[in-house]
Amino acid sequence: MAVRRQRPRRLACWALMAIVLADLLALSDTLAVMSVDLGSESMKVAIVKPGVPMEIVLNKESRRKTPVTVTLKENERFFGDSAASMAIKNPKATLRYFQHLLGKQANNPHVALYQARFPEHELSFDPQRQTVRFQISPQLQFSPEEVLGMVLNYSRSLAEDFAEQPIKDAVITVPAFFNQAERRAVLQAARIAGLKVLQLINDNTATALSYGVFRRKDINVTAQTVMFYDMGSGSTVCTIVTYQTVKTKEAGMQPQLQIRGVGFDRTLGGLEMELRLREHLAGLFNEHRKGQRAKDVRENPRAMAKLLREANRLKTVLSANADHMAQIEGLMDDMDFKAKVTRAEFEELCADLFERVPGPVHQALQSSEMSLDEIEQVILVGGATRVPKVQEVLLKAVGKEELGKNINADEAAAMGAVYQAAALSKAFKVKPFVIRDAVVYPILVEFTREVEEEPGVRNLKHNKRVLFSRMGPYPQRKVITFNRYSHDFNFHINYGDLGFLGPEDLRVFGSQNLTTVKLKGVGDSFKKYPDYESKGIKAHFNLDESGVLSLDRVESVFETLVEDSLEEESTLTKLGNTISSLFGGGTTADTKENGTDTVQEEEESPAEGGKDEPGEQIDLKEEAEAPVEGTSQPPPTKPKGDTAAEGEKPTEKENGDKSEAQKPSEKGEAGPEGAPPAPEEEKKQKLARKQRMVEEIGVELVVLDLPDLPEDELAHSVQKLEDLTLRDLEKQEREKAANSLEAFIFETQDKLYQPEYQEVSTEEQREEIAGKLGAASTWLEDEGFAANTVMLKEKLAELRKLCLGLFFRVEERKKWPERLSALDSLLNHSSIFLKGARLLPEMDQIFTEVEMTTLEKVINETWAWKNATVAEQAKLLATEKPVLLSKDIEAKMMALDREVQYLLNKAKFAKPRPRPKDKNGTQSEPPLNASASDQEDVIPPAGQTEDAKPIAEPEKVETGSEPADPEAPELGGPEAEAEQKEQPAGQKRPLKNDEL
């Protein structure tokens with residue numbers, strides 16, 4: 001018996017179907033995605049789910065903006081507006097603006113600035129990571145990453161309540177000036193919160209994406225340059241963006257945004273203005289109390305929290321008014337505060353801040369190498385740009401006629417981030433919008449090696465190679481090849497030239513050294529392949545969509561030329577090639593719709609030390625390999641020991657010289673020694689090919705900027721956050737049970753005096769219920785604060801059981817009129833239906849006698865039950881248990897309706913019975929609604945051809961019903977039906993029962 005072999009393409013199709021099915025099963029868990037625009041003062045959360053495209057989430061107070069504030073106590077936590085209100089009562093436990101401490105060591109100037117701004121917070125030192133923690137109490141302390149994880153977890157709960165389904169995937173916005181340590185800190189906070197981060201997107205990029213998505217039709221091949229000036233609460237970022245349509249491999253011409261230039265000021269924002277106002281108000285209050293031997297208001301944290309809240313309100317009001325009265329009741333020592341502040345005074349307080357407004361604009365222009373004349377429009381983003389003086393200074397700096405305000409300054413970043421979340425999610429398909437983000441801080445690789453400059457003299461030479469240049473696009477992968485190393489060595493990954501940063505920004509930036517990479521196993525790899533030619537040590541780097549740098553792997557690559565017999569490809573080889581072609585493997589580099597296309601690998605000229613001696617050049621390459629010239633398709637990535645595809649014409653590149661392998665031709669193939677062409681048979685037997693061996697090199701990373709949280713500490717933080725969340729849920733459950741018990745007591749006490757409840761209960765029953773309710777209310781007031789959730793639920797269940805009979809009698813009496821009326825209506829309609837069914841002629845009858853008898857029996861039984869039960873209920877007292885129950889009425893209605901529906905469905909799908917035919921074979925008349933095309937063609941009698949003319953139609957009588965032909969047969973037999981077809985059009989034909 002022959003076994004049929006599966007074709008490789010068929011097997012590949014099955015494999016593809018399995019992968020698609022697995023993706024669909026993975027998508028069945030959750031379909032919604034979210035974005036979090038994480039600002040310094042507040043956050044905006046947006047979601048996308050089926051049927052809800054890009055919607056801002058409302059918090060529990062039905063607001064679109066939620067304060068990034070957390071209040072941490074021993075037994076409870078508060079978030080959002082609740083925590084903001086707690087800042088006055090308990091300022092020490094209320095944490096705000098803690099994002100400024102992310103990725104910062106204890107000696108960072110921003111840490112000292114934070115302590116100066118909020119002296120009520122106690123910061124402890126973490127000796128393991130050299131960072132700080134919030135010391136709430138001796139037993140309660142949290143790192144900034146843990147606090148941010150709580151906020152992200154709270155944002156997810158808001159999104160899940162709004163979407164009514166679980167959400168795990170999210171895109172989070174971060175400032176464009178965040179360095180590697182700060183970005184890793186945000187990712188760790190999301191991991192603590194249990195969120196899967198699809199991407200950390202720069203908030204300026206998200207804003208630019210939102211602007212472009214809603215103006216897609218205005219983007220064309222002509223580049224349009226727009227400047228976004230974003231001044232938020234904590235910082236200011238200026239971005240230059242170019243919009244134009246580009247040709248993509250997957251979707252043709254699509255819009256693209258490219259970040260051309262970025263400038264920023266880390267401390268210029270609305271918070272600094274509010275702090276200036278707070279200091280001014282504190283001075284006015286101290287001056288008002290001068291001579292009363294009172295304490296300085298600055299030493300009272302609660303009073304300073306009140307002043308900061310009033311300064312925030314005052315800044316907003318002064319943006320629209322020339323002056324305003326600041327007033328606070330009971331600011332300190334039961335003394336009220338009231339003072340008038342003008343806009344001129346406010347502008348004078350912040351004069352040095354307004355002078356810094358043009359700074360980010362000049363930085364952005366310098367990094368983009370553009371001039372203001374090339375900027376078509378300047379658009380304002382962020383809440384602090386509403387200050388009139390900021391707009392005045394900015395307008396003068398950019399030299400435009402007006403500033404653009406045609407974008408939602410608060411929600412643009414959240415909407416752009418959620419669009420990107422939908423694009424990255426597998427559950428949604430959005431229109432492509434290509435994003436080319438830019439690297440703000442350049443990254444380079446540094447290494448040292450011995451160089452023989454003079455005969456017999458060897459010196460150490462320090463080399464630098466730029467890995468990712470400033471304002472270069474990302475995400476992208478790159479490969480650095482070290483050609484001159486045959487033993488273990490180290491190299492360093494550091495930031496590049498940061499000369500564009502000022503001295504203060506450099507101190508805030510932190511360490512400029514990222515990682516030291518120690519390679520182990522290089523010498524062993526050379527010993528393992530002594531006869532192979534080394535192609536260098538290749539280090540694969542990845543700067544992903546979140547702007548986070550990682551070293552994927554380090555490999556030692558060897559190659560050699562071998563001769564092998566040319567054999568027919570096996571089934572597995574064909575299957576591999578087919579699957580590779582189906583997935584696009586080996587033909588084009590992987591691309592993403594909303595990402596930077598991976599550029600093919602190209603050798604670049606060295607950035608520094610370009611005059612290295614031969615053999616010492618370091619090749620800087622990008623990840624995707626370019627197809628080798630002369631090959632139809634490059635081979636897929638091979639594991640260790642795999643060889644290149646047969647028939648490939650390899651090209652080698654070493655020491656700047658190219659050596660080309662011998663190429664087979666139609667006439668023959670030249671051997672490695674330049675031998676004459678071999679015969680055709682010998683050429684088929686042997687073929688030169690390139691064998692490539694890859695050996696993985698051990699890597700040890702030493703993080704130099706800021707160590708990540710260790711895995712054990714990270715797991716401890718996750719567990720601590722889960723315990724706090726569980727405690728909050730238990731607290732909410734207890735509060736819900738207490739509120740339910742209290743509400744039940746008050747509602748029932750009120751119902752006892754309502755007429756409808758007094759009618760169905762006796763005086764003794766009401767007194768008993770009232771006594772139990774009073775005792776429960778006293779217990780709740782005296783001991784309820786110490787009762788747990790179980791005790792509260794048990795007390796509520798006991799009271800409900802006591803009142804069950806009373807509530808049941810009232811509810812039944814409320815339902816009787818509606819239920820009885822519906823039952824009477826159904827009985828009447830069923831009786832009419834049965835009567836009509838029995839009147840059908842025998843020829844048109846579609847119901848059997850058994851079916852009609854069954855329906856009649858159900859109708860009679862229902863009538864009898866209804867009359868008997870209503871009569872029995874009338875004999876009972878209102879305080880007794882009723883016998884006429886609404887559920888019994890509904891059951892009787894369902895039984896009767898089931899019988900009627902059965903007959904109606906049968907009538908709906910019943911086919912009419914065939915009519916008898918007359919002697920001449922003429923069929924009975926068709927239904928009235930039958931079209932002419934539905935009638936059958938008349939077959940001429942035997943002996944008559946089709947060309948013969950038909951018999952002349954008899955004359956039609958307008959008023960009579962007799963046939964015109966005197967010899968026509970009389971009506972009454974089978975011929976009558978055929979004869980009725982000749983009736984005049986204007987004469988009415990009597991209708992049959994089945995045509996009603």
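None of the values given here were measured: they were computed from a predicted structure.

Conventions and cut-offs
Residues numbered from 1 in each chain as written. Predicted model: local features only at pLDDT ≥ 70, side-chain atom pairs only at ≥ 80, totals over all residues. Heavy atoms only, no water. Helix = DSSP H or I, 4+ residues; strand = E, 2+ residues; numbered from the N terminus. Buried < 20%, exposed > 50% of the residue type's maximum accessible area, 1.4 Å probe, protein only. Contact = heavy atoms within 4.5 Å. Pairing = 2+ DSSP bridges. Salt bridge = Lys/Arg side-chain N within 4 Å of Asp/Glu carboxyl O. 1 Å grid on protein atoms, 1.4 Å probe; cavity = no way out; pocket = protein on both sides within 12 Å on 5 of 7 lines; lining within 4 Å. Points joined across faces, edges and corners; volume = space filled by probe spheres on them. Nonpolar A, V, L, I, M, F, W, Y, C, P; charged D, E, K, R; others polar. Core = buried A, V, L, I, M, F, W, Y, C linked by side-chain atoms within 4.5 Å. Expected span 1.5 Å × (residues − 1). Polar contact = N/O pair within 3.5 Å; in protein donor to acceptor, adjacent residues only side chain to side chain. Patch = residues over 30% accessible without salt bridge, like charges linked within 9 Å, V, L, I, M, F, W, Y side chains within 5 Å. Areas by Shrake-Rupley, 256 points an atom, 1.4 Å probe, with all protein chains shown as cover. Lys, Arg positive; Asp, Glu negative; His and termini not counted. Charge placed at Lys NZ, Arg CZ, Asp CG, Glu CD. Phe/Tyr/Trp six-rings, centres within 6.5 Å; stacked < 30°, edge-to-face > 60°. Axes fitted to C-alpha atoms, helices over the stretch in contact; angles between N-to-C directions.

What follows deals with the overall build of the protein. For the protein, the helix and strand inventory stands at 25 helices and 32 strands. Counting all 996 residues of the protein, 43% fall into the buried class. Within the protein, counting contacts between residues at least 6 apart in sequence, those at least 24 apart form 71% of the total.

Of note, S143 is situated in the loop between β10 (140-142) and α4 (144-163). Assessed through its relative accessible area of 6%, S143 is described here as buried. Setting aside residues no more than four positions away along its own chain, S143 makes contact with V132 and R133.

A few words on the pairing of strand β17 (residues 335-342). When strand β16 (residues 323-332) meets β17, the two strands line up antiparallel, connected through seven bridges. Looking at the pairing, Q327 lines up with K338 of β17.

Turning next to the pattern of salt bridges. The full count for this structure, using the stated rule, is 42 salt bridges. Linking E310 and R313 is a salt bridge whose minimum nitrogen-to-oxygen distance equals 2.4 Å. Residue E310 and its partner R313 are located together in helix α8 (residues 301-318), separated by three residues, close to a single helical turn. With relative accessibility at 33%, the residue R313 sits in the partly exposed group. Here the residues in one salt-bridge network are R117, E272, R276 and D352, joined through shared partners.

With that settled, consider empty space enclosed by the protein. If a probe the size of a water molecule is rolled over the atoms, the empty space left behind becomes visible. Counted by the stated rule, this structure contains eight cavities of 30 Å³ or more. There is about 150 Å³ of room inside the largest cavity. Taken together, 15 residues form the lining of the largest cavity, with Q180, R183, V439, V440 and G547 sitting closest to its centre. For the lining of the largest cavity, the residue count by class is 10 nonpolar, four polar and one charged.

Our next topic: the nonpolar core. Counting 129 residues, the largest nonpolar core has F228, Y243, F482, F491 and F541 as its most contacted members. Formed by 44 residues, the second largest nonpolar core is a distinct cluster that contains M231, A282, A311 and V390.

Here we come to helix α5 (residues 180-193). Between its terminal C-alpha atoms α5 stretches 20 Å, which fits the 20 Å expected from 14 residues at 1.5 Å a residue. In terms of burial, α5 is a largely internal element, 12 of the 14 residues being buried. Those residues of α5 that sit buried are Q180, A181, E182, R183, R184, A185, V186, Q188, A189, A190, I192 and A193. Immediately downstream of α5, the backbone of G194 shows phi near 80 degrees, a positive value.

Here α8 contains 18 residues, and its C-alpha end-to-end distance of 25 Å stays within 8% of the 26 Å for a straight helix at 1.5 Å per residue. A303, M304, A305, K306, L307, L308, E310, A311, L314, K315, V317 and L318 are the residues of α8 that are buried. Buried residues belonging to α8 abut α2 (80-89), β7 (94-96), α7 (270-288), β16, β17 and α9 (343-349). Among the residues of α8, the N-terminal cap falls to N300, whose side-chain oxygen and the backbone nitrogen of R302 are separated by 3.1 Å.

Turning to a negative patch on the surface, a few remarks are in order. A grouping of E742, E781, D782 and E783 is seen on the molecular surface, where their side chains present a negatively charged patch. Position of D782 relative to the elements: it lies in helix α20 (residues 763-782).

The geometry of an aromatic ring pair is captured by the separation of the ring centres together with the interplanar angle, meaning the angle of the planes. Summed over all chains, the structure comprises 28 aromatic pairs. Consider the rings of Y211 and Y243, whose centres lie 5.8 Å apart with planes at 45 degrees: the pair is tilted. Taken as a pair, Y211 in helix α6 (residues 203-213) and Y243 in strand β14 (residues 236-248) lie far apart in primary sequence, 32 residues in all. You can call Y211 buried: its relative accessible area is 9%.

Strand pairs in the sheet, formed through backbone hydrogen bonds, run parallel or antiparallel to each other. In space, the three strands of this open sheet follow the order β6-β5-β7, with antiparallel pairing throughout. What marks the edges here is a single partner per strand, and that holds for β6 (77-79) and β7. Direction aside, the axes of adjacent strands within the sheet are offset by 20 degrees on average. With three bridges joining them, strand β5 (residues 69-72) and β7 adopt antiparallel strand pairing.

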